[in-house]
Amino acid sequence: MAHGNKNEKVVYVGDSRVRKPSGEVSIPPDYTSFPGRSEAFIPNFLLKEWMVGCVVLVGFLVLTIAHPAPLGYPADPTNSAFIPIPDWYFLFLYQLLKYPWVSGSYVAWGVVGIPGVAFGALLLAPFLDTGKERRFYRRPIASALMILSLASCYYLTKVSWDFYQHELEVTGTVPEHITREEKAREAALSGEEAESPAKPAEDVALVDADNADVNAILKSAGCISCHGTDLKGQAGAKIPALRGVGDLLTKEELTEIITNGKGNMPAFGDKLSAEEIGTLSDWLAKQKAAAE
Amino acid sequence: MFKSVYNWIDERLDVTPLWRDVADHEVPEHVNPAHHFSAFVYCFGGLTFFITVIQILSGMFLTMYYVPDIINAYASVDYLQHKVPFGSIVRGMHHWGASLVIVMMFLHTLRVFFTGSYKAPREMNWVVGMLIFFIMLGLGFTGYLLPWDNKAYFATKVGIQIADSVPYIGEYIKIFLQGGEIVGATTLTRFFAIHVFFLPGALLALLAAHFLMIRKQGIAGPL
């Protein structure tokens, strides 16, 4: 179909058989549009580009090996102390929204107004800057606006990052991925298997889980509304699990805590009868992990 | 052998003009760093594409281990990072590549802007390029959640809060992104789908348009 000659050799520039479209000729591809030392894309120029690519790739791999991708601890929605931080290229937007004149009741300016105008102008730049002149110093308005935007983005990013560092310092927080890496390193140095935060704490089985009296009390007294329907507590809110509580406290201590409360836990002495508290603390004292 | 197979295909499909068109197109002197060192600024577009290819390949390998659900997402990333041979390299490339692609794209955009290359007749290519920029930012935002650690979770929560404050449609954007009332299981699967299927699909289509247009119009002339 193509050229008749079956024993084609790969033919280089000068002998190209890109067919000339009949009728209208599409814009450049012949080499007369830019007089000078033009060269073919493949293989001449692409080989050079690959060399640049190789240098970039080596640099990139060195970075990757020197700085492993960060990984903190598993997401815990109840963690209220975590300082959120977006990736660095969103910091300028994040910072912008902290100023009072683009947040609160003016937040529409911050989320739609200013970014909308800025990104809209960028998107439509060729239709706003329609002059024939291409040199940046001959189109002062476009160039000045771009430089101004770049400077503001740089400034906002820097302020945001400095504030984040300041927050970390004030609250004495070390970013989680660093803590984690540090712990893993220590574990590796002492020859232990690093503790994996991905592994959920092993569930302690309930002893005598089907005790109807106890279940009724747990429900009616509201134990489960804080300690959880599965009685695992809430680690984030520092509410202890009731599973395995028998390992930590005796029946007397449990009775005392239920009756008079402890820490954030309210007293149940006037809500439950002494008999009910007895049943409950009896049952709780039996909750030993070893009893399985 | 190779040549006869090639000829067999070429006789039937006439493929030579397709690749010759790409191979033989002119690379003029003013964009060739071998002739003018300052022309290295013209490399950023190609490097953006190079890093994008790395992102796609490393991303494909990451999905071999990654599990997009809230119980296993973190565990699978943790396993990939610490147990899988070369896993930390692949994940590292994807993590740092995400930043690098933004940097390269930023430099490429500045080059095009300051050389005035976006002017007629290349307006449409600039617009498509900016759309690619937004897609990349979207990929950055959705990809940030996937490891499901605290940083990912809380940054996404803030991001969705910001989207929520858009007048009139904010509420809908929030529910669309979260897939419900909270940042949770459906948010993760949604972000995964957007990050792995929707945005890359759009990205490839836009890249194709970007490259077709640059081939059709040729590179902007020297200043």
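Novice: What am I meant to see in the nonpolar core here?
Specialist: The tendency in soluble globular proteins is for nonpolar side chains to be buried side by side. Counting 53 residues, the largest nonpolar core has B:W126, B:I132 and B:M136 as the members making the most contacts within it. Looking at this core, the elements that each hand over two or more residues are α5 (140–171) of chain A together with α3 (43–62), α4 (73–82), α5 (87–114), α6 (123–145), α7 (150–164) and α9 (185–217) of chain B. When residues of this core are assigned to their parent elements, the largest contribution, 11 residues, is made by α6(B). Of the residues that make up this core, three or more belong to each of domain 2 (70–83 + 175–199) and domain 3 (90–172) of chain A. In this structure B:W126 touches A:L122, A:L123, A:A125, A:P126, B:T109, B:V112, B:F113 and B:Y118, once residues within four positions along its chain are discounted.

Novice: What am I meant to see in the packing of aromatic side chains here?
Specialist: The geometry of an aromatic ring pair is captured by two quantities: the separation of the ring centres and the angle between the planes. A complete count under the given rule lists 21 aromatic pairs over all chains for this structure. Residues B:F40 and B:F44 carry aromatic rings whose centres are separated by 6.3 Å and whose planes lie at 90° to one another, so their mutual orientation is edge-to-face. Judged by its relative accessible area of 37%, B:F40 falls in the partly exposed class. Among the aromatic residues, ring-to-ring pairing joins A:F136, A:Y137, B:F113, B:F114, B:Y118 and B:W126 into one connected group. When the ring centre of B:F113 is taken as reference, the NZ or CZ atom of A:R139 above it lies at 5.3 Å. Directly above the ring of B:W8 sits B:R12, whose terminal nitrogen or CZ lies 3.8 Å from the centroid.

Novice: For this particular structure, what's the right way to read the interface of chain A and chain B?
Specialist: Think of interface size as the accessible area that goes away when the parts come together; that is how it is often given. The interface is formed by 93 residues belonging to chain A together with 90 residues belonging to chain B. Approximately 8,100 Å² of surface area, both sides summed, lies buried where chain A meets chain B, with 67% of it carried by carbon and sulfur atoms. Here chain A is connected to chain B by three salt bridges. Between B:E29 and A:R37 there is a salt bridge, with its nearest N and O atoms 2.9 Å apart. Where chain A packs against chain B, one counts 31 residue pairs in polar contact (both at pLDDT 80 or more). For the side of chain A that touches chain B, the secondary-structure elements that each account for two or more residues are β1 (39–40), α1 (41–66), α3 (107–123), α4 (125–128), α5 and α6 (176–189) of chain A. Of all the elements, α1(A) adds the most residues to the side of chain A that touches chain B, at 13 residues. Pairing of β1(A) with strand β1 (residues 26–27) of chain B, which is carried by two bridges, proceeds in the antiparallel orientation. Looking at the pairing, A:A40 lines up with B:E26 of β1(B).

Novice: Just to check I follow, could you spell out the confidence of the model for chain A for this structure?
Specialist: Interpreting fine coordinate detail is not advised for predicted regions of low pLDDT. Here chain A averages 82 in pLDDT, while 84% of its residues score no lower than 70. The low-confidence segment residues 9–18 of chain A, where pLDDT is below 50, has 17 contacts with residues more than four positions distant or belonging to other chains.

Novice: Sorry, what's going on with the confidence of the model for chain B here?
Specialist: On average, chain B scores 93 in pLDDT, and the residues at 70 or more come to 100%. β1(B) is the least confidently modelled element of chain B, averaging 83 in pLDDT, while α6(B) averages 97, the highest of any element.

Novice: How should a nonpolar patch on the surface be read in this particular structure?
Specialist: All names here are of chain B. The grouping of F49, V53, I56, L57, M60, L204, F211 and I214 at the surface amounts to a nonpolar patch, some 650 Å² of accessible area in total. Where the nonpolar patch is concerned, the elements lending two or more residues are α3 and α9. Among the elements that take part in the nonpolar patch, α3 stands out by supplying five residues, more than any other. Its location among the elements puts L57 in helix α3.

Novice: Whenever I open this one, the pattern of salt bridges confuses me. Can you help?
Specialist: Any two side chains of opposite charge can pair, on the condition that their charged atoms come close. Summed over all chains, the structure comprises 14 salt bridges over all chains. Between B:K119 and A:D129 there is a salt bridge, and its shortest N-O distance comes to 3.0 Å. In this pair, B:K119 is assigned in the loop between α5 and α6 and A:D129 in the loop between α4 and α5, connecting two distinct chains. When sorted by exposure, B:K119 lands in the same class as A:D129, which is buried. Across the pair B:R20 and B:D24 runs a salt bridge whose closest N-O atoms are separated by 2.8 Å. Per residue, the accessibility class of B:R20 equals that of B:D24, and both read buried. Counted as one network, the salt bridges with shared partners bring together A:D129, A:R139 and B:K119.

Cut-offs applied
- Residues numbered from 1 in each chain as written.
- Chains lettered and ligands numbered in written order.
- Predicted model: local features only at pLDDT ≥ 70, side-chain atom pairs only at ≥ 80, totals over all residues.
- Heavy atoms only, no water.
- Core = buried A, V, L, I, M, F, W, Y, C linked by side-chain atoms within 4.5 Å.
- Buried < 20%, exposed > 50% of the residue type's maximum accessible area, 1.4 Å probe, protein only.
- Helix = DSSP H or I, 4+ residues; strand = E, 2+ residues; numbered from the N terminus.
- Domains from an automatic or database assignment.
- Contact = heavy atoms within 4.5 Å.
- Phe/Tyr/Trp six-rings, centres within 6.5 Å; stacked < 30°, edge-to-face > 60°.
- Lys NZ or Arg CZ within 6 Å of the ring centre and 35° of its normal.
- Buried area = accessible area lost by both parts, 1.4 Å probe.
- Salt bridge = Lys/Arg side-chain N within 4 Å of Asp/Glu carboxyl O.
- Polar contact = N/O pair within 3.5 Å; in protein donor to acceptor, adjacent residues only side chain to side chain.
- Pairing = 2+ DSSP bridges.
- pLDDT = per-residue confidence, 0-100.
- Patch = residues over 30% accessible without salt bridge, like charges linked within 9 Å, V, L, I, M, F, W, Y side chains within 5 Å.
- Areas by Shrake-Rupley, 256 points an atom, 1.4 Å probe, with all protein chains shown as cover.

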